[in-house]
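Observations on the three-dimensional arrangement
One-letter residues, chain by chain:
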Amino acid sequence: MRRATAAVVGIGEVPSGKFPDRSELEAAVLSAAAALRDAGLSPRDIDVVMPVGALASSQFNVDLVFSRICEELGMLRGATMNVQVMSGGASSSTMLAVAEALVTTGAARRVLVLHSDKVGSLPPQRGVDLFATTGVSEEWERPYGHNMNAVGAMTSRRYMYETATTEEELAAVCVSLRKWAMLNPHAMYRSELTMEEVLGSKMVATPLRSRECNMLADGAAAYVVASASDAEEITETPVYVRGHGSLVTHYSMSQDLDLAHLGFPEAAKVAYEESGLGPDDIHVAACYDAYPVYPLIAMDALGLCRGERAGAFVAAGHTSPGGVMPMTTNGGMLSQGHTGAGGGIAVLVEAFRQLMGKAGERQVQGAVNAVETASGGTWMDSHVTVLSKER
Amino acid sequence: MTTTRPVPTPSSWSEPFWAAAREERLTFQVCGSCGTATMYPKRLCPTCLSDALTWQDAAGTGEVYTWTEQVAGPPSGFEDRVPYVVAVVRLDEGVQLMSNIVGPDAANVQCGARVTVAFETVPGTDVVLPVFTLDEAPAGA
Ligand SMILES: [Zn+2]
C-alpha cells in the first residue's frame, strides 16, 4: 500500500448519441471547458494537454495531435506539452496512469485529459468495418470474417462454457445497465429495456443479440489531474488514484490463452494491493462493458459478487439501482453509447462523478471507494484502477 | 469474378505459410534456437528473438477453443457468406489460430469439439485459407 500521489479535480462531459450537427471540436471544447470550470481552474492553470485518439475523422485527430485544443482554449504560451495517449478503449485507464506519473514526478502540474469523437454519425456499415480493424489482424483474422461483434460473441461463448453462465444472465447485464441509463441525461438510450426485449432481439453473432451489441455514439468527456497535495488546494472533492494494475494478454484474440478471465485477475490483485483496499471496501464498480460478458469477467476477478457467479449476481438485481454493488452507473456503452476510445472514459468519468457526489438521480449514497476497469481493441489488455475520496 | 472480401497481404516472412496453404499444408514456425512453436508467423521468435525460424507441417488436428456463428451484421465482403462460423482453434501442437468451421454441420460446433483442417480457395482469387471441419457431430445434435 502507498499514499495516493495524484487526484482528479474536475470533470466535464456532453451528452452521447447521434449529434450530426455537433462537430468533434465543439464537443471537445465544451467538455474540456466544463472540466476546467468544475475544477475552478482557468486554461492558464493547465500545462499538459492529453487528447486521446479520435477514430471517425483522421483530420480531427491530426488537429488533436497538433495542439488545436491549446489554441481553441487559450493555452498558447501557457501549456508546455500537448501529447496524445492512445490505447483504444483502455485509454481511460492508461491516460490516468500517465497523468498520475507526470504530476507525481513534477513533470506536469495539471493535466487536462480529453476525448471527443463522432463514430455515431458514421454510416452504420462504415462503423462495422472500422471496428473490424481495431485489434483484428488484417492478415490472420479479417479474411475469416472476424469483426468486433464476433469478438464479444466468442468471449461470451468461452466464458459461458467455463462458468455455466446463461443467455438470460448475459441479457440481465443489459437490463441492469439500462436501469442506470434511465437516470442519466447524457445517455443515448433512456427508455426501459426488459429481459424479454433483449432475448427477443435479432440474433447477430451467437450467442449475442442486437440489444447485447453496443451502438456507436458521438460524445466527448474530459477530466483534470493534479498532484494529491495540489488537489486539496483546488477542490473540496478530489478523487484520489489509489492503485492501478494491468496486463496485456493479446493483440489478436486468437492468441489469448484465457478468454474467460483475460488479465483481470492479475490486474485486480495488483490494484487492490497498491491501494490497500479490498473487495469489501468498494461501493461502486465502474466496469467497462461494450458487450455484457466483459463486466461479468471483471466482477468475477474483482471479487465483488459476494461469492456468487457474476451472472447470477447481476440477474438477482444486485448491480442495478438500489442494489448492493452498483455497476457502471452511467449505463455503459450498451446504454450511454460507444463513443470510440471514449466509451471507457465515460465509464471512468462516472466513477469520478460518483465519488465527487455529483451523480444526481443515480448518486450512490455514501460512496467513498470505487473501482474502474477498462480494455482496448479486442480486449487486448485488462486494467483495474482503484479510486477513493480518501487519500 | 471480383470480390470485396478482404484477403491476406503476405509479408516476406509469412509468404511460406500461404504458399504451403496453396499446397494444402498447414504450417507453423519452430525456433531453431529455443524450440518455441509459433502461430501466426513472426519475423523473430517471440521467446528468444532468434531469426532461426524453420517451418513444420502441422498434423492439422485440434479442438475448438471458442466460436460464434455470424448470422447478421457481417463486415463488408461477407454479406453472401452469412451465416458463417468463426472460431479460434487450438492445434494439437499447442498453437492457436483464427479460422472458420465449414461444412453442412458447422453450426453444431461446441467449445472443445475436435476438428481437422481443410482448405478453401477465396472465390475469384488464388488465396487458399486453412479452415476446419468437425470430426463428428456431437452426441444428441
Ligand atoms: Zn526462440
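Model, not experiment: these values are computed from the prediction.

Calculation rules
Residues numbered from 1 in each chain as written. Chains lettered and ligands numbered in written order. Predicted model: local features only at pLDDT ≥ 70, side-chain atom pairs only at ≥ 80, totals over all residues. Heavy atoms only, no water. Helix = DSSP H or I, 4+ residues; strand = E, 2+ residues; numbered from the N terminus. Rg over C-alpha atoms; globule rule 2.2 N^0.38 Å. Contact = heavy atoms within 4.5 Å. Areas by Shrake-Rupley, 256 points an atom, 1.4 Å probe, with all protein chains shown as cover. UniProt positions renumbered as here; feature names shortened; annotations may be inferred. Buried area = accessible area lost by both parts, 1.4 Å probe. Salt bridge = Lys/Arg side-chain N within 4 Å of Asp/Glu carboxyl O. Nonpolar A, V, L, I, M, F, W, Y, C, P; charged D, E, K, R; others polar. Buried < 20%, exposed > 50% of the residue type's maximum accessible area, 1.4 Å probe, protein only. Pairing = 2+ DSSP bridges. Axes fitted to C-alpha atoms, helices over the stretch in contact; angles between N-to-C directions. Parallel < 35°, antiparallel > 145°, perpendicular 65-115°, else oblique. Left-handed = near helix turned anticlockwise from the far one by under 90°. 1 Å grid on protein atoms, 1.4 Å probe; cavity = no way out; pocket = protein on both sides within 12 Å on 5 of 7 lines; lining within 4 Å. Points joined across faces, edges and corners; volume = space filled by probe spheres on them. Expected span 1.5 Å × (residues − 1). Donors = N, O, S within 2.8 Å, 3.2 Å for Na, K, Ca; no water. Tetrahedral: all angles 85-135°; square planar, octahedral: opposite > 155°, others 65-115°. Core = buried A, V, L, I, M, F, W, Y, C linked by side-chain atoms within 4.5 Å. Domains from an automatic or database assignment. Phe/Tyr/Trp six-rings, centres within 6.5 Å; stacked < 30°, edge-to-face > 60°. Lys NZ or Arg CZ within 6 Å of the ring centre and 35° of its normal.

Another point: the overall build of chain B. Along the backbone of chain B there are one helix and eight strands. Taken from N to C terminus, the helices and strands of chain B fall in the order α-β-β-β-β-β-β-β-β. Computed over C-alpha atoms, the radius of gyration of chain B comes to 16 Å, within 12% of the 14 Å expected from 2.2 N^0.38 for 141 residues, which places it in the range of a compact globule. In chain B, of all internal contacts separated by at least 6 residues, the share reaching a separation of at least 24 is 52%. Surface accessibility of chain B: about 6,300 Å² in total, with carbon and sulfur atoms responsible for 51%.

Another point: the UniProt feature "domain: ChsH2 C-terminal OB-fold" (unreviewed entry) in chain B. Mapped onto this structure's residue numbering, the UniProt feature "domain: ChsH2 C-terminal OB-fold" (unreviewed entry) falls at residues 55-120 of chain B. In the segment residues 55-120 of chain B, helix accounts for 0% and strand for 53%; the C-alpha atoms at its two ends are 21 Å apart.

The UniProt feature table records "domain: Thiolase C-terminal" (unreviewed entry) at residues 245-389 of chain A. Segment residues 245-389 of chain A splits into 32% helix and 14% strand. End C-alpha atoms: 19 Å apart.

This part takes up the interface of chain B and chain A. Opposite the 42 residues of chain B that make contact, chain A presents 35 residues. Both sides together, the interface formed by chain B and chain A hides about 3,100 Å², and carbon and sulfur atoms give 57% of it. Area buried by chain B at its contact with chain A is led by Tyr40, Tyr65 and Met98 of chain B, which between them contribute 23% of it. Between chain B and chain A we count zero salt bridges in total. For the side of chain B that touches chain A, the elements supplying multiple residues, two or more each, are α1 (15-22), β4 (61-70), β5 (84-91), β6 (96-102) and β8 (128-134) of chain B. Per-element accounting of the side of chain B that touches chain A gives the leading share, seven residues, to β4 of chain B. Its residues placed into classes, the side of chain B that touches chain A shows 27 nonpolar, twelve polar and three charged.

Residue and element names in this part refer to chain A. Among the ten residues of strand β8 (residues 239-248), seven are classified as buried, and the element is accordingly described as predominantly covered. The sheet contact formed by strand β1 (residues 6-17) and β8 spans two bridges and is antiparallel. Each residue of the ladder has a partner; that of Ala7, found in β8, is Tyr240. Alignment of β8 against strand β11 (residues 381-388), held across eight bridges, turns out to be antiparallel. Pairing of Val248 across the sheet is with Asp381, part of β11.

Let us look at the packing of helix α10 (residues 264-275) of chain A against helix α11 (residues 293-302) of chain A. All names here are of chain A. At a minimum axis separation of 8 Å, α10 and α11 run at an interaxial angle of 45 degrees. Viewed along their axes, α10 and α11 adopt a mutual orientation that is oblique. Classified by chirality, the crossing of α11 by α10 is right-handed. Counting all contacts with α10, which are made through Phe264, Pro265, Ala268 and Tyr272, the residues of α11 involved are Ile297, Ala298, Ala301 and Leu302. Here the residues of the contact of α10 with α11 are counted per class, giving eight nonpolar, no polar and no charged.

On to the pattern of salt bridges, then. Under the definition given, this model contains 19 salt bridges over all chains. Between Glu162 of chain A and Arg158 of chain A there is a salt bridge; the shortest N-O distance is 2.8 Å. Here Glu162 of chain A and its partner Arg158 of chain A are both found in helix α6 (residues 148-163), four residues apart, which amounts to about one turn of the helix. A salt bridge links Arg22 of chain B to Glu15 of chain B, with the nearest nitrogen and oxygen atoms 2.9 Å apart. Overlapping salt bridges bring together Glu13, Glu350, Arg353 and Arg362 of chain A as one network.

Residue and element names in this part refer to chain A. Taken as a whole, the second largest pocket encloses approximately 240 Å³ of empty space. Thr249, Gln255, Asp256, Leu257 and Asp258 are the residues nearest the centre of the second largest pocket, which is lined by 14 residues in total. Partitioning the lining of the second largest pocket into residue classes produces six nonpolar, five polar and three charged.

Let us look at helix α14 (residues 343-356) of chain A. Residues and elements named next belong to chain A. In a regular helix each residue adds 1.5 Å, so 14 residues correspond to 20 Å; α14 covers 20 Å between its end C-alpha atoms and thus fits that length. Judged by how many residues are buried, α14 sits mostly within the fold: 14 of 14 residues are covered. With its phi angle positive at about 75 degrees, Gly357 sits one or two positions after the end of α14.

Residues and elements named next belong to chain B. Taken together, the protein donors to the zinc ion comprise Cys31 (SG), Cys34 (SG), Cys45 (SG) and Cys48 (SG), at separations of 2.3 to 2.4 Å. One can describe the donor arrangement at the zinc ion as tetrahedral, given that its four donor atoms subtend angles of 101 to 116 degrees at the metal. All donors to the zinc ion come from one chain, and their sequence spacing reads C-x2-C-x10-C-x2-C. Highlighted residues: Cys34 in the loop between β1 (27-31) and β2 (37-38) and Cys48 in the loop between β2 and β3 (53-57), separated in sequence by 14 residues. What makes Cys34 partly exposed here is its relative accessible area of 37%.

Core analysis: the biggest nonpolar cluster contains 138 residues, and Tyr223, Met299 and Phe352 of chain A together with Ile101 of chain B have the highest contact counts within it. Each of domain 1 (11-57) and domain 2 (59-136) of chain B gives at least three residues to this core. Listed in part, the 29 residues of the second largest apolar core include Ala7, Ala35, Ile46 and Val49 of chain A.

The next point concerns the packing of aromatic side chains. Applying the stated criterion across every chain, the model contains ten aromatic pairs over all chains. Between the aromatic rings of Trp140 of chain A and Trp18 of chain B, the centroid separation amounts to 5.1 Å while the plane-to-plane angle is 15 degrees, which identifies the pairing as stacked. Of the two residues, Trp140 of chain A is situated in the loop between α5 (124-130) and α6 and Trp18 of chain B in helix α1; the pairing between them involves two chains. Between Tyr294 of chain A and Trp379 of chain A the ring centres are 3.7 Å apart and the planes differ by 5 degrees, which places this aromatic pair in the stacked class. Here Trp379 of chain A lies in the loop between β10 (369-374) and β11 and Tyr294 of chain A lies in helix α11, a separation of 85 residues in the sequence. Judged by relative accessible area, which is 3%, Trp379 of chain A ranks as buried. We note Lys42 of chain B situated over the ring of Tyr40 of chain B; from NZ or CZ to the ring centre the distance is 3.7 Å. It is Arg90 of chain B that lies over the ring of Tyr65 of chain B; its NZ or CZ is 4.1 Å from the centre.

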